[in-house]
Amino acid sequence: MKARVIAYYLPQFHPIPENDEAWGPGFTEWKNVVKARPLFRGHYQPRIPADLGFYDLRLPEIREQQAQMAREAGIEGFCYWHYWFGKGKMLLQRPFQEVLASGKPDFPFCLAWANHDWTTGTWKKSYKEFTNEIIAKQEYPGIEDYILHFNYCLPAFKDKRYITVDGKPLFVIYEPYHFTDVTLFMETWRRLAEENGLKGIYFVGIIKSTSTVKRQADGTLTRTMPNLKSSADVYNDILKLGFDGLNSLGKTRAEMLSLGKYNMLINEALRKKLPFLPALKYNYAKVVKHFFAPEDVWENIYPTILPQWDRSPRIGKSYGIYVNSTPEAFKEHVIDATNVIKDKSDEHKILFLRSWNEWAEGNYVEPDEKYGHGYLNALKEALND
């Protein structure tokens, strides 16, 4: 086996009352996708979907087509973003609930808890227009809520399609830094899993391979200088909380190495203060050459592969944009990733694809009008070569 590719899947493409209230009736991610415009010569915007069109994830036919495309490209399964804010409050749950209840598509899946506040700041157009009002606040009410949350997820964990690692259901936690109760949470879920006939839960935390913050024993955060030579301290600080593994994201580290650490930090800070400055551009091929830290070869570190990156449909030019991303360059990136994990056991040869369908982040492999099935074919070829 060359790799177990698990693709993050955004369920944002259907209306919900909370988004209607914040943005107007019928809001989905597509609204910003179609409004995007080029910010410089050669900037690929707007990005228009091809085969699937501007789909609505309430349609089972769309979900079937997505699964078929993913299967043919060599993707093992989808990792659905899961929004649980505490006390049973959820958002965007309908597509996954319908997948679970219907048994279709017959395609593997797991859950990633997007444990962060849901705010209007996710879709700002520029820093002049910035608002950051809370739509749904992330809360951690304690044991009773952790039990309620587990019982909600239990039918998924018992589904034959659910992705496992070492025989345990895989559950990803997006934000381990600010979740001060995360160790208790994981201990509670492991106990409940065994009580319900499961071998446990395989917890994976998402973590940048270089960080400007360090988590202290009491859960508080302190500032630290990023270490571009080694990710050992960053990884060990999170692993010791009780995680079985980590999904490492090399994006920030790679940008610092390609542009220069201080140059990158200064450039991004300037664009936050001075929105009239031109967009900061990163050359995709140059960045991804630095994407994997030395410690990504550890048995329980699961690297990220990134096909493209352009958040301008959401936030304008105030964030770095990757240029010259092509299916050919993505194929080389995936080959590099498989070389990083080649000595791991087959069970742990996991790569997280970020993402299947984050269209407003320019971060997707679904077919578009420019490249067609290019990114899907590139992934398939890299896994088969």
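Residues numbered from 1 in each chain as written. Predicted model: local features only at pLDDT ≥ 70, side-chain atom pairs only at ≥ 80, totals over all residues. Heavy atoms only, no water.

Asker: Describe the side chain of S325, naming the residues involved and giving the relevant values.
Answerer: With respect to the helices and strands, S325 occurs in the loop between β15 (321-323) and α12 (327-341). Here S325 falls in the buried class, since its relative accessible area comes to 10%. Polar side-chain contacts of S325 include one of 2.7 Å to the backbone oxygen of P307. Ignoring sequence-local partners within four residues, the contact set of S325 consists of Y284, P307, Q308, Y371 and Y375. (Helix = DSSP H or I, 4+ residues; strand = E, 2+ residues; numbered from the N terminus. Buried < 20%, exposed > 50% of the residue type's maximum accessible area, 1.4 Å probe, protein only. Polar contact = N/O pair within 3.5 Å; in protein donor to acceptor, adjacent residues only side chain to side chain. Contact = heavy atoms within 4.5 Å.)

Asker: Can you explain the packing of α12 against helix α13 (residues 374-384)? Please cite residues and give values.
Answerer: The geometry of a pair of packed helices is captured by two quantities: the angle between their axes and the separation between those axes. At their nearest, the axes of α12 and α13 sit 8 Å apart, and the two run at 35 degrees to each other. In the crossing of α12 with α13, the sense of the turn from one axis to the other is right-handed. On the side of α12, the interface is formed by P327, F330, K331, V334, I335 and T338, while α13 contributes G374, Y375, A378, L379, E381, A382 and L383. In terms of residue class, the contact of α12 with α13 is made up of nine nonpolar, two polar and two charged. (Axes fitted to C-alpha atoms, helices over the stretch in contact; angles between N-to-C directions. Left-handed = near helix turned anticlockwise from the far one by under 90°. Nonpolar A, V, L, I, M, F, W, Y, C, P; charged D, E, K, R; others polar.)

Asker: Explain unusual backbone geometry to me, and be specific about the residues and the numbers.
Answerer: Omega for the peptide link from Q45 to P46 comes to -5 degrees, which places this bond in the cis form. A cis amide bond links R354 to the next residue, S355, at an omega of 15 degrees. Mapped onto the elements, S355 comes out in the loop between β16 (350-353) and β17 (357-358). One non-glycine residue, K87, lies in the positive phi region at around 60 degrees. With respect to the secondary-structure elements, K87 resides in the loop between β2 (75-86) and β3 (89-91). Looking at K87, the relative accessible area reads 61%, which means it is exposed. The backbone of L92 sits at a positive phi, close to 60 degrees, despite the residue not being glycine. Take L92: it is sitting in the loop between β3 and α4 (94-102).

Asker: Describe helix α6 (residues 182-195), listing the residues and the values that go with them.
Answerer: Over its 14 residues, α6 runs 20 Å from end to end, which matches the ideal 20 Å to within 8%, given 1.5 Å per residue. Among all positions in α6, only V182, F185, M186, T188, W189, L192 and A193 are buried. Across the axial projection of α6, the buried residues extend over an arc of 160 degrees, all falling on one side. Opposite its buried face, α6 presents the exposed residues E194 and E195, each directed more than 90 degrees away. Where the residues of α6 are buried, they touch β4 (109-113), α5 (143-157), β8 (168-173), β9 (202-208) and β10 (213-215). Immediately beyond the C-terminal end of α6, within one or two residues, lies G197, with a positive phi of roughly 85 degrees. (Expected span 1.5 Å × (residues − 1). Arc of directions from axis to C-beta.)

Asker: Describe the nonpolar core, listing the residues and the values that go with them.
Answerer: Counting residues in hydrophobic clusters, the biggest one holds 118 residues, and the most contacted among them are L170, F171, F185, W189, F243, W356 and L379. Setting aside residues no more than four positions away along its own chain, F185 makes contact with W113, Y146, H149, F171, I173, F179 and F203. (Core = buried A, V, L, I, M, F, W, Y, C linked by side-chain atoms within 4.5 Å.)

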